[in-house]
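Listed below, chain by chain, are the residues.
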Amino acid sequence: MRTKQFKAESKKLLDMMINSIYTHKEIFLRELISNASDAMDKLYYHSLQENLALNRSDLTINISPDKEARTLVITDNGIGMTADELETNLGTIAKSGSFDFKNDNEKKEDVDIIGQFGVGFYSAFMVSDKIEVVSKAFGSDEANKWTSKGAEGYTIEPCEKDTNGTVITLYLKENTDDDDYDQYLEEYKIREIVRKYSDYIRYPITMDCQHSHLKEGTEDEYETVTETATLNSMVPLWKKNKNEVTADEYSSFYREKFFDYEEPAKVIHTKIEGQVMFNTLLYIPRHAPFDYYTKSYEKGLQLYSNGVLIMDKCADLLPDYFSFVKGLVDSEDLSLNISREMLQHDAQLKLIAKSLEKKIHSELVKLMKDSRDTYEKVFTAFGMQLKFGLYNSYGTKNDVLSDLIMFHSSNEKKLTTLKEYVGRMKESQDTIYYACGESVAKIDLLPQVEAVKDKGFEILYFTQNVDEFAIKMLNEFDGKKFANICTDGIDLDTDEEKEELKEKNDTGKEMLDFLKETIGEEITAVRFTNKLKNHPVCLTAEGEVSLEMEKTLNAMPANEEKVKANIVLEINANHPIADKLGDLYGTDKDKAANYAKILYAQARLIEGLSVENPTELSNMICDLMV
Ligand code: ADP
């Protein structure tokens, strides 16, 4: 018997498997089970065509571990293989060309391929140093045995086998410091792997399992019996009808599969029949996983091809702003052995992703409508991600995201949507007002807020750094512009009030210029304003950059060049301090200068900014006190 060599490309894949440092070697079982299932599909199809009396329920896959021999045997009664088929199927990699071997030398790349895609029969070499495949093709009289120790090549010889099908014997590798191969002989481990990857294979996967129980007629004598157990449930939850699945089943499936201790906020179970048909079972969590807002969080949905898991976290199925969604997609239109590159460019996958996005959006809108409290919980957990989505998509996702975001409202004293805000706008109002700050309480203390509220306008409170950036991308909502009440863009005065203010600013120009010179380069001007009610001063940013944006941008470590807002010190034209400044300017310029410095420092503190020279400030205040 001559030992034959593997074909070049197959050899590469084989080497990759033999030397694999991949940590999820257990997927070899998924591959072998999937091949067995295919072999039975083929036989069943053949029997239908030939009108053979074959019972689908007779088709089974059996797994049999032998601890003494250190072998794991996988048996199926499918279509089997002839000697020629053993030669072509196992001597040559079937899906020639679907792997890109360019990165052959990069172990990391290799590992990725193994992790994400069906790598087929050869993956068994990750755990075995010798494999025997005994097979008898359906309708054939002879059986053959294919044997290989990997690198050295393989042999094929005739052998005895009664029935059609394939028996694969894996001679497991010896344990090493890093790898425990014995585990694949343990009943619990095999159960676990089957349930994890192949639960939904439509043929029973059986194994002889041992049970220990009280011997009949005795009180303390135990006996061990062997029973054949079916390890897989065969019907995936998501392929059942919605009315066959209880809320409990959905929820425990979620908690076990996606490791959450809490119930999901929302279950989305649907079958989509468009250009691509697929079943999907999605979950919206109630709270963010601890690593959600870190780099280590990986988004993605499980991807199944007709019940067989082909990818654990398919990132391409979810846009970043819905990265919190958990769940799975199962499509019969996807092939099991699709490579990563193909997957990325796969038109079907893109179509699936597109309809998922639509579905998730409409379900979130529905959740907001039907169960506001729950939606608010979800929003509290993931709202920042939605807002980052607005910001990162440069306006292209405004329609998907603008009706999902919420802000605290000065009127409602709770979260409100933009749509609700617009619904409450006064007839004369054409702008959505907002104010930024660290917290709702701090914003409430801003001098500008009081006056805007007093005029009867509602204000949205932006408390997260991303808020204002996101809104800038949104630009407008329902035809209404946004205005930060702490920038000069807002105009709530009547014509008369405007006229009066202009006059005050004109006549006080000399003094105001003097105050500006005193304070220096940090500000661009000092002027009187009507937008304050009881407070004496405030800072207003002119132009594109608000004070909040300045704070946020400058806090980013990557920003070497500091961003500067154009700041104006505004003095309440109707406050006694305005008159006092006028008096002092005429009588005691030095004192007026000190007042200006103190007022500017106050305005900074109110904004949550630091004061450059607190000692000087303290001394100036003390001078006034004594
Ligand atoms: P793939 O399953 O992606 O084609 P594999 O390397 O896993 O690649 O298998 C190669 C081929 O060997 C299969 O296409 C199939 O024709 C054949 N084969 C593997 N396992 C079996 C089996 N248990 N019964 C019958 N044919 C099999």
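Residues numbered from 1 in each chain as written. Predicted model: local features only at pLDDT ≥ 70, side-chain atom pairs only at ≥ 80, totals over all residues. Heavy atoms only, no water.

## Observations regarding the side chain of Lys136
Stage number 1. Topologically, Lys136 is positioned in strand S3 (residues 128-136).
Stage number 2. Comment: no salt bridge for buried Lys136; closest opposite-charge side chain is Asp162, at 6.0 Å.
Stage number 3. At 2.9 Å, the side chain of Lys136 and the backbone oxygen of Asp162 are in polar contact.
Stage number 4. Look past the residues within four positions of Lys136 in its chain and what remains in contact with it is Ile79, Gly80, Met81, Asp141, Glu142, Ala143, Lys161, Asp162, Thr163, Asn164 and Gly165. (Helix = DSSP H or I, 4+ residues; strand = E, 2+ residues; numbered from the N terminus. Buried < 20%, exposed > 50% of the residue type's maximum accessible area, 1.4 Å probe, protein only. Lys, Arg positive; Asp, Glu negative; His and termini not counted. Salt bridge = Lys/Arg side-chain N within 4 Å of Asp/Glu carboxyl O. Polar contact = N/O pair within 3.5 Å; in protein donor to acceptor, adjacent residues only side chain to side chain. Contact = heavy atoms within 4.5 Å.)

## Notes on the sheet that holds strand S1 (residues 61-66)
Stage number 1. Sheet architecture is open: eight strands sit in the order S5-S4-S3-S6-S2-S1-S7-S8, paired in mixed fashion. The open sheet has two edge strands with one neighbour each: strand S5 (154-159) and strand S8 (222-230). For this sheet the average axis-to-axis angle between neighbouring strands, irrespective of direction, equals 20°.
Stage number 2. Of the pairings in the sheet, the one linking S3 to strand S4 (residues 143-148) comprises six bridges and is antiparallel in character. Residue pairing in the sheet places Ser135 in a bridge with Asn144 of S4.
Stage number 3. Relative to the sheet, helix H5 (residues 187-198) contacts S1, strand S2 (71-76), strand S7 (205-214) and S8, its axis offset from that of S7 by approximately 140°. (Pairing = 2+ DSSP bridges. Axes fitted to C-alpha atoms, helices over the stretch in contact; angles between N-to-C directions.)

## Topic: the environment of Ala451
Stage number 1. Of note, Ala451 is situated in helix H13 (residues 447-454).
Stage number 2. By relative accessible area, which is 11% here, Ala451 ends up buried.
Stage number 3. Placed 79 residues apart in sequence, Ala451 and Asn530 show a C-alpha to C-alpha distance of 8.6 Å.
Stage number 4. Setting aside anything within four residues of it in sequence, one finds Ala451 in contact with Lys531, Leu532 and Lys533.

## Here we look at the sheet that holds strand S19 (residues 480-484)
Stage number 1. Here we have six strands laid out as an open sheet, ordered S15-S14-S17-S16-S19-S18, and mixed in their pairing. Only two strands of the sheet have a single neighbouring strand rather than two, namely strand S15 (415-417) and strand S18 (476-477).

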